[in-house]
Amino acid sequence: MVIDTSESKPLAIAIGRRKEATAIVQIYNVGANEKSAILINNCLAEVFLQFNAAYLNALNLGLLLLNLDDSYKIVIKTRGGGLTGQTGAIQLGLARALCKIDPNNRATLKSAGLLTRDSRKVERKKYGLKKARKASQYSKR
């Protein structure tokens with residue numbers, strides 16, 4: 001399913017990041033003969049997120065809180081990281097885009113924690129250790 005967005009201008013564009021993943025979220029108005037849809041990398045959201053209920057719930061949380069689940073068509077380009085990081089990036093980008101559309105949405109999304117950037121990253125491996133903090137067993141004698 002491909003949505004033609006060439007002639008219409010997006011209502012809002014926002015970027016979300018999580019771990020190594022980045023997502024660019026574009027929100028469009030639903031046309032007269034169109035249904036609302038969420039496309040991730042030109043794929044339906046359910047297919048891209050492998051029908052995982054936790055990922056789909058996280059994706060739709062911002063829309064459900066604002067009762068906007070059937071109001072927009074959303075086109076997302078994401079890359080880097082895995083599905084968990086990409087879902088977190090999409091969630092943040094979508095919340096930021098919804099705030100651009102209507103600043104009154106900010107209080108609801110902020111109280112739900114959707115506008116907070118999760119800055120945790122994988123800790124780097126240290127020299128002389130097996131992983132970031134795992135060392136070989138200490139032997140006294």
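Here, every reference points to the structure presented above.
The present account deals with the structure reproduced in this document. (Residues numbered from 1 in each chain as written. Predicted model: local features only at pLDDT ≥ 70, side-chain atom pairs only at ≥ 80, totals over all residues. Heavy atoms only, no water.)

1. Here's the deal with the sheet that holds strand 4 (residues 43-44)
Stage number 1. A sheet is described by the order of its strands in space; here 5 strands give the open sequence 1-2-5-3-4, paired in mixed fashion. The outermost strands of the open sheet, each flanked by one partner alone, are strand 1 (12-18) and strand 4.
Stage number 2. Direction of pairing for strand 3 (residues 38-40) relative to strand 4: antiparallel, over a ladder of 2 bridges. By the bridge assignment, Ile40 is partnered in strand 4 with Cys43.
Stage number 3. Contacts from helix 3 (residues 83-101) reach strand 1, strand 2 (21-29), strand 3 and strand 5 (72-79), with the element oriented near 150° to strand 1. (Pairing = 2+ DSSP bridges. Helix = DSSP H or I, 4+ residues; strand = E, 2+ residues; numbered from the N terminus. Contact = heavy atoms within 4.5 Å. Axes fitted to C-alpha atoms, helices over the stretch in contact; angles between N-to-C directions.)

2. Structural notes on the pattern of salt bridges
Stage number 1. The tally for this structure, following the rule as stated, stands at 6 salt bridges.
Stage number 2. A salt bridge links Lys73 to Glu34; the nearest nitrogen and oxygen atoms lie 3.0 Å apart. On the criterion of sequence distance, the pair formed by Lys73 in strand 5 and Glu34 in the loop between strand 2 and strand 3 is long-range, its members being 39 residues apart.
Stage number 3. The exposure class assigned to Lys73 is buried, which follows from its relative accessible area of 3%.
Stage number 4. Under the relative-accessibility criterion, Glu34 is labelled partly exposed at 37%.
Stage number 5. Between Lys126 and Glu123 there is a salt bridge, with the nearest N and O atoms lying 2.7 Å from each other.
Stage number 6. Here Glu123 falls in the partly exposed class, since its relative accessible area comes to 39%. (Salt bridge = Lys/Arg side-chain N within 4 Å of Asp/Glu carboxyl O. Buried < 20%, exposed > 50% of the residue type's maximum accessible area, 1.4 Å probe, protein only.)

3. Re helix 2 (residues 53-65)
Stage number 1. Here helix 2 is 13 residues long and its end C-alpha atoms lie 17 Å apart, about the 18 Å a rise of 1.5 Å per residue gives.
Stage number 2. Among the residues of helix 2, Tyr55, Leu56, Leu59, Gly62 and Leu63 are the ones counted as buried.
Stage number 3. Sitting at the amino-terminal end of helix 2 is Asn52, which places a side-chain oxygen 2.9 Å from the backbone nitrogen of Ala54.
Stage number 4. With its phi angle positive at about 55°, Asn67 sits one or two positions after the end of helix 2. (Expected span 1.5 Å × (residues − 1). Polar contact = N/O pair within 3.5 Å; in protein donor to acceptor, adjacent residues only side chain to side chain.)

4. Regarding the pairing of strand 5
Stage number 1. Most of strand 5 is tucked away, with 6 of its 8 residues classed as buried.
Stage number 2. In this structure, strand 2 lies alongside strand 5, joined through 8 bridges in antiparallel fashion. Within strand 5, the residue paired with Val25 across the bridge is Ile76.
Stage number 3. Bridge count between strand 3 and strand 5: 3 bridges; the pairing is parallel. Bridge pairing in strand 5 places Ile40 opposite Ile76.

5. Some details on the environment of Thr108
Stage number 1. Mapped onto the fold, Thr108 is located in helix 4 (residues 106-111).
Stage number 2. Along the backbone, Thr108 and Asp70 are 38 residues apart, and their C-alpha atoms lie at a distance of 18 Å.
Stage number 3. Apart from the residues lying within four places of it in its own chain, the contact partners of Thr108 are Leu65 and Leu66.

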